[in-house]
Amino acid sequence: MITFLFWNLNKQSRSEVVARLALRHKVDVVILAEMGESTATMRAMLTARCQTSFHPLPGVEKEVSILTRLSPSQVEPVQDHNRLRIFRLKVTPLGPILVACAHNPSLLHWDAADTGAQCRQLARVIREEEGREGHQRSLLVGDLNVDPFDVSVVAVDGLHAVPTRRIAERQSRTVQGAEWPFFYNPMWGHFGDRPDRPPGSYYYAKGRPVTRFWHLFDQVLLRPGLLPAFRNETLHILTEDGIQSFLNPRGIPDPASASDHLPILFSLDL
Amino acid sequence: MPDAIPDLWPSDLRAPTTVVPPVAILKRQGALLSDKTQGVVGAIVLGAPSLTTETSFTYDFYLTAPAIGSSYKYHLFTIQHGMSLYPVKVSRPDHPVVEVTAEADFLTRVREILSDAKTRQVIDILWAQSEAG
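Counting of residues starts from 1 at the beginning of each chain's written sequence and follows it residue by residue. As a convention, the first chain written is A and the first ligand written is 1, with the rest following in written order. Reporting of local features is limited, given that this is a predicted model, to residues whose pLDDT is at least 70; pairs of side-chain atoms are given and counted only at 80 or more, and all residues count toward the totals for whole chains, interfaces and linings. The basis for the side-chain values is all heavy atoms of the structure; hydrogens and waters are excluded.

Asker: How would you summarise the overall build of chain B if you had to cite specific residues and measurements?
Answerer: Numbering of helices and strands runs from the N terminus, with a helix taken as a DSSP run of H or I at least four residues long and a strand as a DSSP run of E at least two residues long. Helix and strand counts for chain B come out as three helices and five strands. Secondary structure elements in chain B, listed N-terminal to C-terminal, are α-β-β-β-β-β-α-α. We compute the radius of gyration over the C-alpha atoms and compare it with the globule rule, which gives 2.2 Å times the number of residues raised to the power 0.38. What you see for chain B is a C-alpha radius of gyration of 19 Å, clearly larger than the 14 Å of a compact globule of 133 residues, by over 25%. Expressed along its principal axes, the backbone C-alpha trace of chain B runs to roughly 65 × 35 × 30 Å.

Asker: Can you tell me about a nonpolar patch on the surface, naming the residues and giving the values?
Answerer: All names here are of chain A. Like-charged residues within 9 Å of one another, or nonpolar side chains (Val, Leu, Ile, Met, Phe, Trp, Tyr) within 5 Å, are grouped into patches, provided each residue has over 30% relative accessible area and no salt bridge. Here the Shrake-Rupley method, with its probe set to 1.4 Å, supplies the accessible areas, and only the displayed protein chains count as covering residues. The working definition used for a salt bridge is a side-chain nitrogen of Lys or Arg within 4 Å of a carboxyl oxygen of Asp or Glu. Side chains of Phe 149, Val 154 and Trp 188 sit close together on the surface and give an oily, nonpolar patch of about 230 Å² of accessible area. Within the secondary structure layout, Val 154 lies in helix H4 (residues 151-154). Judged by relative accessible area, which is 34%, Val 154 ranks as partly exposed. Relative accessibility thresholds used throughout: buried, under 20% of the residue-type maximum; exposed, over 50%; partly exposed, between the two (1.4 Å probe, protein chains only).

Asker: Can you tell me about the pattern of salt bridges, naming the residues and giving the values?
Answerer: Residue and element names in this part refer to chain A. Under the defined criterion, the tally for this structure stands at 20 salt bridges over all chains. A salt bridge links Glu 16 to Arg 49, with the nearest nitrogen and oxygen atoms 3.2 Å apart. Pair noted here: Glu 16 is in helix H1 (residues 15-24) and Arg 49 is in helix H2 (residues 39-50), with a separation of 33 residues, a long-range link. Assessed through its relative accessible area of 35%, Arg 49 is described here as partly exposed.

Asker: Please give an account of the packing of H1(A) against H2(A) that cites residues and values.
Answerer: All names here are of chain A. What counts as an axis is a line fitted to C-alpha atoms, over the stretch in contact for a helix, and the angles between N-to-C directions run from 0 to 180 degrees. Packing of H1 against H2 brings their axes to within 9 Å, and their N-to-C directions diverge by 40 degrees. Taken together, the axes of H1 and H2 lie oblique to each other. Of the two elements, H1 crosses H2, and the hand of that crossing is right-handed. The residues of H2 that touch H1, namely those facing Ser 15, Glu 16, Val 18, Ala 19, Arg 20, Ala 22 and Leu 23, are Thr 41, Met 42, Met 45, Leu 46, Arg 49 and Cys 50. A class-by-class count of the residues in the contact of H1 with H2 yields eight nonpolar, two polar and three charged. Here the word oblique covers every angle except those under 35 degrees (roughly parallel), over 145 (roughly antiparallel) and from 65 to 115 (roughly perpendicular). Should the near helix be turned counterclockwise from the far one by less than a right angle, the crossing is left-handed, whereas a clockwise turn marks it as right-handed. What makes two residues a contact is simply this: any of their non-hydrogen atoms within 4.5 Å. Three classes are used, and their members are as follows: Ala, Val, Leu, Ile, Met, Phe, Trp, Tyr, Cys and Pro are nonpolar, Asp, Glu, Lys and Arg are charged, and the others, Gly among them, are polar.

Asker: Now, about the interface of chain B and chain A: what can you tell me, with residues and values included?
Answerer: With 23 residues of chain B at the contact, the number on the chain A side is 18 residues. Both sides together, the interface formed by chain B and chain A hides about 1,700 Å², and carbon and sulfur atoms give 45% of it. Buried area: the accessible surface (1.4 Å probe) lost by two parts on joining, summed over both. If you sort the residues of chain B by the area they bury against chain A, Tyr72(B), Lys73(B) and Tyr74(B) come out on top, with a joint share of 27%. Joining chain B to chain A, the criterion identifies two salt bridges. In this structure, the salt-bridge partner of Lys73(B) is Glu129(A), at a minimum N-O distance of 3.0 Å. What qualifies as a polar contact is a pair of N or O atoms within 3.5 Å, subject to a donor-acceptor requirement within protein and to the restriction that residues adjacent in sequence count only when both atoms come from side chains. Taken together, chain B and chain A are joined by 12 residue pairs in polar contact (both at pLDDT 80 or more). For the side of chain B that touches chain A, the elements supplying multiple residues, two or more each, are strand E2 (56-64), strand E3 (73-82) and helix H3 (117-132) of chain B. At five residues, the largest contribution of residues to the side of chain B that touches chain A is made by H3(B).

Asker: Can you explain the state of the cysteines? Please cite residues and give values.
Answerer: Put plainly, two cysteines are in a disulfide when a covalent bond ties their sulfur atoms together. All names here are of chain A. Defined by distance alone, a disulfide is two cysteine sulfur atoms within 2.5 Å. Under the counting rule described, the total for this entry stands at zero disulfides over all chains. For Cys 50, which is in no disulfide, the shortest distance to another cysteine sulfur is to Cys 101 and amounts to 18 Å. Its relative accessible area of 12% is what places Cys 50 among the buried residues. The structure places no disulfide on Cys 119, whose sulfur is separated from the nearest cysteine sulfur, that of Cys 101, by 15 Å.

Asker: Pulling in residues and values, what's your account of the packing of aromatic side chains?
Answerer: Residues and elements named next belong to chain A. Classification of ring pairs rests on two measures: the distance between centres of Phe, Tyr or Trp rings, Trp counted by its six-membered ring, which must be within 6.5 Å, and the angle between planes, read as stacked under 30 degrees, edge-to-face over 60 and tilted in between. Considering all chains together, one arrives at eight aromatic pairs over all chains under this definition. Seen from their ring centres, Tyr 203 and Trp 214 are 5.4 Å apart, and the 70 degrees between their planes marks the pair as edge-to-face. Taken together, the residues span a long stretch of sequence, with Tyr 203 in strand E13 (residues 202-204) and Trp 214 in strand E14 (residues 213-215) at a distance of 11 residues. For Tyr 203, a relative accessible area of 22% translates into the label partly exposed.

Here it is as structure tokens:
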């Protein structure tokens, strides 16, 4: 089993909290956006608390930091961009897997056309790397800064991410003569009121006529080829680390103690 | 029998040209970078098949560092042009797209990118990590 944690830390210093999560959930790969500390500090804390050596993924960190306790023989960097990092899990029962980690710009600064272009670029880069690798066993995880139902996530030339396994297991569909592979987006199952889960991963409420309040900007999308190794019950939006809550008394992500985003955790049976 | 069939191709099959394809200019920069860094950091140009059509060509320019990973690359910028090679659009993350209409302007734009502080920082990082082993 390989366990992944993704968290946008809102430029806060949260190495202790991240390390508690990594220990509690036996995290193998820690993926962070807007880390407020140095990689060295985060590495030291993870290593000390988990009593196993974590190391940063080689390459160029800009918007996304990746630390793992998997050995370099298991993990290899493949591609870095300003807001995207792709690495390869080399040895798995399914064969090599590509893991793409992204942090899209905020909608405070970009509009819908911009995020659409960004998701199209993400999709293109992943498809082309898959072409070079000769497989489509990929997943994308990160803060996409758009919701699962956003056009940029759903459209064929965007991430083409669908809400059910049944649809995703069709592998792809042909639209206007071109074949487009699917991603499965399990985040759809994490929206709205649930007795034991938060309604989303990010809360934003302004005095506008259209306000959704809760968003699922933090997502993991999986190609159908990875579905045999993914169980939906391993996917969680975390609200506490056993010591402290990440929510304020109103049940909203608390940037004062944690972050304005909630972390997501998921595993692959590999 | 083959000699009885006429040669129907024009005699001036390839017209002389002095226009160097933009992708050739970029590939040359990759080779030069590798020379300058003793092979530690290089650069490659990859076609983007999903954006390439019969009349539009897109190429991504990546820095490479074999010691970090045999297929590792860092995306620096992308170019796109049509059948006539120019104009060329040069796009770079977090920068506006620049369209250049002649080779001299393309050289200027690429020189700007290759020598700017962010590019130099990335090269430094890749070089240092490669040497650290």
